[in-house]
Amino acid sequence: MAEVSGKRSREAAAQPFRPALFLDRDGVLNQDTGFVFRPEDFIWIEGARETIRFFNERDYLVFVVTNQSGVARGLFEERDVLGLHDWINGELAKSGAHVDAFYFCPHHPEAERTAYRKVCECRKPAPGMVRRAMAEWRVAPSRSLLIGDKQRDILAGEAAGISSHLFKGGNLLEMGRSIVETGATKDEANAPDA
Ligand SMILES: [Mg+2]
């Protein structure tokens, strides 16, 4: 899993608990055309940048949690993933939006590259990346949500105790907004006649 600087974690520890939006990457932020690692192959999903800004403006932390077994398969390097994530945040900045942290899993249990061949805690449906973000940041789980396009995303979110929602295509902002406005995060879902 990618490292997040200790400085950032210490700064976060001084902050109040905040709701978080956990986003899968391929198929949610960008069209899943298969093992995307170059900016020129990154095609934004409609409403994705606007969704991130929408949640930024509501004081959510925004995390990307993404399986990148292309590293284990020898299709690209960890530095390519890091470079693409820097590029994504650069593009988001043009829209006044940002991702607070990216977490990626480079492993695969049957990897070509032995260094990455393992059964890990981070590859979804395991909840390791979601849990790690919650350990490193001040996250309020009951007010948080996850959006993914595969069942393994939903399983990872639910295993970490996060309200999890399957994106089936279309405009991501419409979905994100409707989750917030209909109160489908756990706190609100359990609130009496909210
Ligand atoms: Mg996906």
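Residues numbered from 1 in each chain as written. Predicted model: local features only at pLDDT ≥ 70, side-chain atom pairs only at ≥ 80, totals over all residues.

> What exactly am I supposed to notice about the packing of helix α2 (residues 48–57) against helix α6 (residues 172–181) here?
To describe two helices that pack against each other, one gives the angle between their axes and the distance between the axes. α6 packs onto α2 with a crossing angle of 25 degrees between their chain directions and a minimal axis gap of 7 Å. In this view, α2 runs roughly parallel relative to α6, as classed from their interaxial angle. Where α2 abuts α6, its residues A48, E50, T51, F54 and F55 lie against L172, L173, G176 and R177. Classifying every residue of the contact of α2 with α6 by side-chain character gives five nonpolar, two polar and two charged. (Axes fitted to C-alpha atoms, helices over the stretch in contact; angles between N-to-C directions. Helix = DSSP H or I, 4+ residues; strand = E, 2+ residues; numbered from the N terminus. Parallel < 35°, antiparallel > 145°, perpendicular 65-115°, else oblique. Contact = placed C-beta atoms within 7 Å. Nonpolar A, V, L, I, M, F, W, Y, C, P; charged D, E, K, R; others polar.)

> I keep staring at the nonpolar core and nothing clicks. Help me out?
Side chains of a nonpolar character, in soluble globular proteins, are inclined to be buried together. In terms of nonpolar packing, the biggest core is built from 44 residues, with F22, L23, F63, Y103, V130 and A133 touching the most fellow members. Put simply, the parts of the chain that give this core at least two residues each are β1 (20–23), α2, β2 (61–67), α3 (78–94), β3 (101–105), α4 (128–136) and β4 (145–148). If sequence neighbours within four positions are ignored, F22 has contacts with F63, V65, V130, S144, L146, G157 and I162. (Core = buried A, V, L, I, M, F, W, Y, C linked by C-beta atoms within 7 Å. Buried ≥ 20, exposed ≤ 12 C-beta atoms within 10 Å, placed from the backbone.)

> Explain α3 here, please?
Helical geometry note: an α-helix holds 3.6 residues per turn, so side chains three or four residues apart project in the same direction. The end-to-end C-alpha distance of α3, which contains 17 residues, comes to 25 Å, matching closely the 24 Å that a straight helix rising 1.5 Å per residue would cover. Within α3, the full set of buried residues consists of V81, L84, H85, I88 and L92. Down the axis of α3, the buried set is contained in an arc of 100 degrees. They therefore lie on one face. Projecting away from the buried face of α3 at angles above 90 degrees are the exposed residues R79, D86, G90, A93 and K94. (Expected span 1.5 Å × (residues − 1). Arc of directions from axis to C-beta.)

> Honestly, the environment of I52 in this entry has me stumped. Any pointers?
With respect to the secondary-structure elements, I52 resides in helix α2. C-alpha of I52 to C-alpha of G96: the two residues are 44 residues apart in sequence and 9.3 Å apart in space. Ignoring sequence-local partners within four residues, the contact set of I52 consists of V62, L92, A97 and V99.

> Quick question: what am I supposed to make of the confidence of the model for the protein chain here?
Detail in the predicted coordinates should be disregarded across regions flagged by low pLDDT. Confidence in the prediction of the protein chain, expressed as mean pLDDT, is 91, and 87% of residues score 70 or more. Contacts for the low-pLDDT stretch residues 188–194, under 50 throughout, to residues beyond four places or in other chains number five contacts. (pLDDT = per-residue confidence, 0-100.)

> Would you explain the pairing of β1 in this entry?
When a strand is regular, its side chains alternate between the sheet's two faces. Of the two faces of β1, both are covered, the one formed by A20 and F22 as well as the one formed by L21 and L23. In this sheet, β2 lies alongside β1 in parallel orientation, the contact comprising four bridges. Across the sheet, residue A20 finds its bridge partner in β2, namely L61. Each parallel crossover has a hand, and for β1 linked through α2 to β2 it is right-handed. As paired strands, β1 and β4 are joined by three bridges and run parallel to one another. (Pairing = 2+ DSSP bridges. Right-handed = clockwise from strand over helix to strand, strands pointing away.)

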